[in-house]
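Residues per chain, in single letters:
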Amino acid sequence: VSTQSTGALPREVLKWLQSLDLSISVKNPKWDFSNGYLVAEILSWYHPKEIKIHCFNNGTSIQSKLLNWNLLETFFKNKNYAIDKDVMEGTIHCKSAAAEVLVEQLYTTLTNRPTYRLLPRNHIFNDLSYQSKLPLHARATASTAIKNNLANTELETGPDTNHLMNKTQHIISLHQQHRQNQRLQDPDRFGIKSNLGEIRQKGKRDSNPKNRTGTCNSNQENVQFAEIKVKQSGRDLPPNAMEEIKGKINNDMFGTYQPTVKVGESNGFSAVAQYSR
């Protein structure tokens, strides 16, 4: 067994595999345990009368894999071995970390020795843990996530189209959730702006009217607002202007007088108001 290439397995499991003197050297568990032949060889050491190694085919085709795993699944059910079906399916389709979990479950079942990092039930074998280690620009898109997490053998052995569509939708949902977490972790990269509710919470003022002095407090700077008073000069009529106008109108016998009053002057121009009878 190559310990350098199987570093994902615990040390006690690696020692156990070395003690079995298997016919095939375990270099990559994901590929070496995929067809089930090594699993049958391990079981033959503990159940030589029930597991006949010549009944298993050491081939790489999907037909050979399904034949071997059907025999192994029947044996696990007869012995009541706690080998999860989703772990077996993940191993068949070479899912990430599925073979390692399978070997750990075999070790625990056959030796009655627990491993310190045996994963819990309801496994989800995908590459999200690997994607999270990559920089943001190198992470997979939705189409790449489907390609990485849906093997060709699953397309060949799927029971129907609806089953494959559900798997695809589940992969897309996980990918979208992963992208939403990225946007929350780094909002500046994705140009996310705060909504009105968030802006209101950040810039919420004190409800006490005494503190409303026209000062806008911000996290970055303080802005002072000064009240501007506009004086409209020249708009008020002189106090005796109306009396003079009334007197001239009363003395106008022919009705040709058009009274006007100067109300302001700016930049050399005068503004007048004309009185209409």
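Refer to the structure printed above.
Residues numbered from 1 in each chain as written. Predicted model: local features only at pLDDT ≥ 70, side-chain atom pairs only at ≥ 80, totals over all residues. Heavy atoms only, no water.

### Topic: the packing of aromatic side chains
In step 1: Taken as a whole and judged by the stated rule, the model has 4 aromatic pairs.
In step 2: Ring plane angle 70° and centroid distance 5.4 Å describe the contact between W16 and Y107, whose orientation is recorded as edge-to-face. Linking W16 in helix α1 (residues 11-19) with Y107 in helix α6 (residues 98-111), this pair joins segments that are 91 residues apart in sequence. Take W16 and Y107: they sit in the same class, and that class is buried.
In step 3: Ring geometry for F76 against Y81: centres 6.4 Å apart, planes inclined by 40°, an arrangement best described as tilted. With respect to burial, F76 and Y81 carry one shared label: buried.
In step 4: Among the aromatic residues, those joined into a cluster by ring pairs are F75, F76 and Y81. (Phe/Tyr/Trp six-rings, centres within 6.5 Å; stacked < 30°, edge-to-face > 60°. Helix = DSSP H or I, 4+ residues; strand = E, 2+ residues; numbered from the N terminus. Buried < 20%, exposed > 50% of the residue type's maximum accessible area, 1.4 Å probe, protein only.)

### Topic: helix α5 (residues 85-92)
In step 1: Along α5, the residues classified as buried are V87, M88, G90, T91 and I92.
In step 2: On the buried face of α5, the contacting elements are α2 (29-32), α4 (62-79) and α6.
In step 3: Once α5 ends, the next one or two residues include C94, with phi positive near 60°. (Contact = heavy atoms within 4.5 Å.)

### Some points on the pattern of salt bridges
In step 1: Overall, the coordinates contain 3 salt bridges when judged by the stated rule.
In step 2: A salt bridge links E50 to K79; the nearest nitrogen and oxygen atoms lie 2.8 Å apart. In this pair, E50 sits in the loop between α3 (37-46) and α4 while K79 sits in helix α4, placing the two residues 29 residues apart along the sequence.
In step 3: Judged by its relative accessible area of 29%, K79 is partly exposed.
In step 4: The partner of K77 in a salt bridge is E73, and the shortest N-O contact between them spans 3.8 Å. Of the two residues, K77 and E73 both sit in helix α4, 4 residues apart, roughly one turn of that helix.
In step 5: The class for E73 is buried, based on a relative accessible area of 17%.
In step 6: Counted as one network, the salt bridges with shared partners bring together E73, K77 and K85. (Salt bridge = Lys/Arg side-chain N within 4 Å of Asp/Glu carboxyl O.)

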